Amino acid sequence: MKTFVYIDHFKGEVQPASWEALGLAKTFGTAVALVFGAGVDEVAKAAVEYGADEVLVADDASLTDYRAETYASTLSALASSQSPDLILFPTTARTRELAAMSAIDLNTGVLTDLTDLEANGDSFAATRPIYEGKLTEKTVCSGKPVMATIRGRAFPKPNREEGKSGTITKVVAAGTALSTVEGYSASESAVNLGDAGIIVSGGRGVSNNPSLTPPAGMDEKQAEVWRAQQGFALVTELAQLLGGAVGASRAAVDGGYITYAHQVGQTGKVVAPDLYIACGISGAIQHLVGMRNAKVIVAINKDADAPIFKQARYGVVGDLFAIVPALTQTLKKKLGK
Ligand SMILES: Cc1cc2nc3c(=O)[nH]c(=O)nc-3n(C[C@H](O)[C@H](O)[C@H](O)COP(=O)(O)OP(=O)(O)OC[C@H]3O[C@@H](n4cnc5c(N)ncnc54)[C@H](O)[C@@H]3O)c2cc1C
């Protein structure tokens, strides 16, 4: 079985789930990585090191910026000439668009945001959570090739074998772009919760430390936000020590304690880290749907009856303003930092 794996990257920075897609492809047979862009030799080399049997590289000035028209035309042309059984993508905003557009050219269907994919003969059965994870949907696609986007961190990432050599084949870019990218500007939503292996999150509880005296002249709301900032400083210190990212509940975001880019849950990010530490978060269903796929959940909460403890593998009943710094200090010693 032959699988194309689209390696999604921005200016050479690869979306990590691309490598997870490559690992999945290898379990079905031959994995051919597709690398599009301009000046993408390093990405192609990395694809070999992550286990691609072959890398098809479309390196062309017309592909400098992602545009659906040129990328989809290039992908469709390659799929038409090489007839893969399956085309895998990491799930991103770009790949949803690219896969859909190319599927029209190839007269096939797209299965999106999969958490499992099984091969049955020459067909595939896909699994994905729907309705905020309340239901799991099983889908098959009768079109060929099957196109599927996989959810980040749902499949294992293969090991990288530095310096490995392999077959890299140049292919031509196709299509004409109708849109022009006029520029990029960085936003603070650079917080990458989706790829984080460890997330330490804070909720409304981070503002609850009456013993902290805010600077004079603050009204009640300002004092609450100030206290929350002290709480989030502890959460951030722990996250940084562990090399993780900082998450938040909606109550913390709505309270103005931290920006929306950090929100985990139904109306925030859905995450699946190896470790999720929830500090002062009650465990409302809308929060749980965003993080219950974490491998290990640790909850720190004053209220022994908080629903978060039902999801947590480890629970600490206590004041986060005492527990989080103690945990940070202990881990610093253990990690020799
Ligand atoms: C349509 C809709 C969408 C929503 N989407 C989201 C979403 O995406 N994400 C999300 O998170 N929520 C979402 N919500 C809101 C959700 O219902 C909850 O209101 C929210 O998750 C509560 O946040 P919290 O746990 O931080 O606050 P609370 O429920 O107020 O819990 C605070 C917790 O902190 C504990 N605590 C207090 N002080 C301390 C202390 N010093 N030390 C330790 N523990 C302490 C308390 O015991 C309590 O359990 C959504 C709601 C709706 C209706």
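Figured I'd write up the structure that's included with this text. (Residues numbered from 1 in each chain as written. Predicted model: local features only at pLDDT ≥ 70, side-chain atom pairs only at ≥ 80, totals over all residues. Heavy atoms only, no water.)

Moving on to the side chain of Gln 263. Relative to the helices and strands, Gln 263 is located in the loop between helix 6 (250-254) and strand 15 (275-279). In this structure the side chain of Gln 263 is engaged in a polar contact, spanning 3.1 Å, whose partner is the side chain of Thr 267. Beyond its immediate stretch of four places on either side in the chain, Gln 263 contacts Leu 193, Ala 248, Ser 249, Arg 250, Val 253, Gly 268 and Lys 269. (Helix = DSSP H or I, 4+ residues; strand = E, 2+ residues; numbered from the N terminus. Polar contact = N/O pair within 3.5 Å; in protein donor to acceptor, adjacent residues only side chain to side chain. Contact = heavy atoms within 4.5 Å.)

Lys 144 connects to Pro 145 through a cis peptide bond whose omega is -10°. Tracing the backbone through its elements, the reader meets Pro 145 in the loop between strand 10 (135-140) and strand 11 (146-150). Backbone geometry places Ser 83, a non-glycine residue, at a positive phi of 45°. With respect to the helices and strands, Ser 83 occurs in the loop between helix 3 (68-82) and strand 6 (86-90). Positive phi values are uncommon outside glycine, yet Arg 153 reaches one of about 70°. Position of Arg 153 among the secondary structure elements: in the loop between strand 11 and strand 12 (167-170).

Time to look at helix 1 (residues 17-28). With 12 residues, helix 1 ought to run about 16 Å at 1.5 Å a step, and its terminal C-alpha atoms sit 17 Å apart, in line with that. A large share of helix 1 lies buried, amounting to 10 of its 12 residues. Buried residues of helix 1: Ala 17, Ser 18, Trp 19, Glu 20, Ala 21, Leu 22, Gly 23, Leu 24, Ala 25 and Phe 28, and no others. (Expected span 1.5 Å × (residues − 1). Buried < 20%, exposed > 50% of the residue type's maximum accessible area, 1.4 Å probe, protein only.)

The tally for this structure, following the rule as stated, stands at 15 salt bridges. Of the charged contacts in the structure, one is a salt bridge between Asp 113 and Arg 151, with a shortest N-O distance of 3.0 Å. One end of the pair, Asp 113, is in strand 7 (residues 110-114); the other, Arg 151, is in the loop between strand 11 and strand 12, with 38 residues separating them in the sequence. Residues Asp 113 and Arg 151 agree in their burial class; the two are buried. (Salt bridge = Lys/Arg side-chain N within 4 Å of Asp/Glu carboxyl O.)

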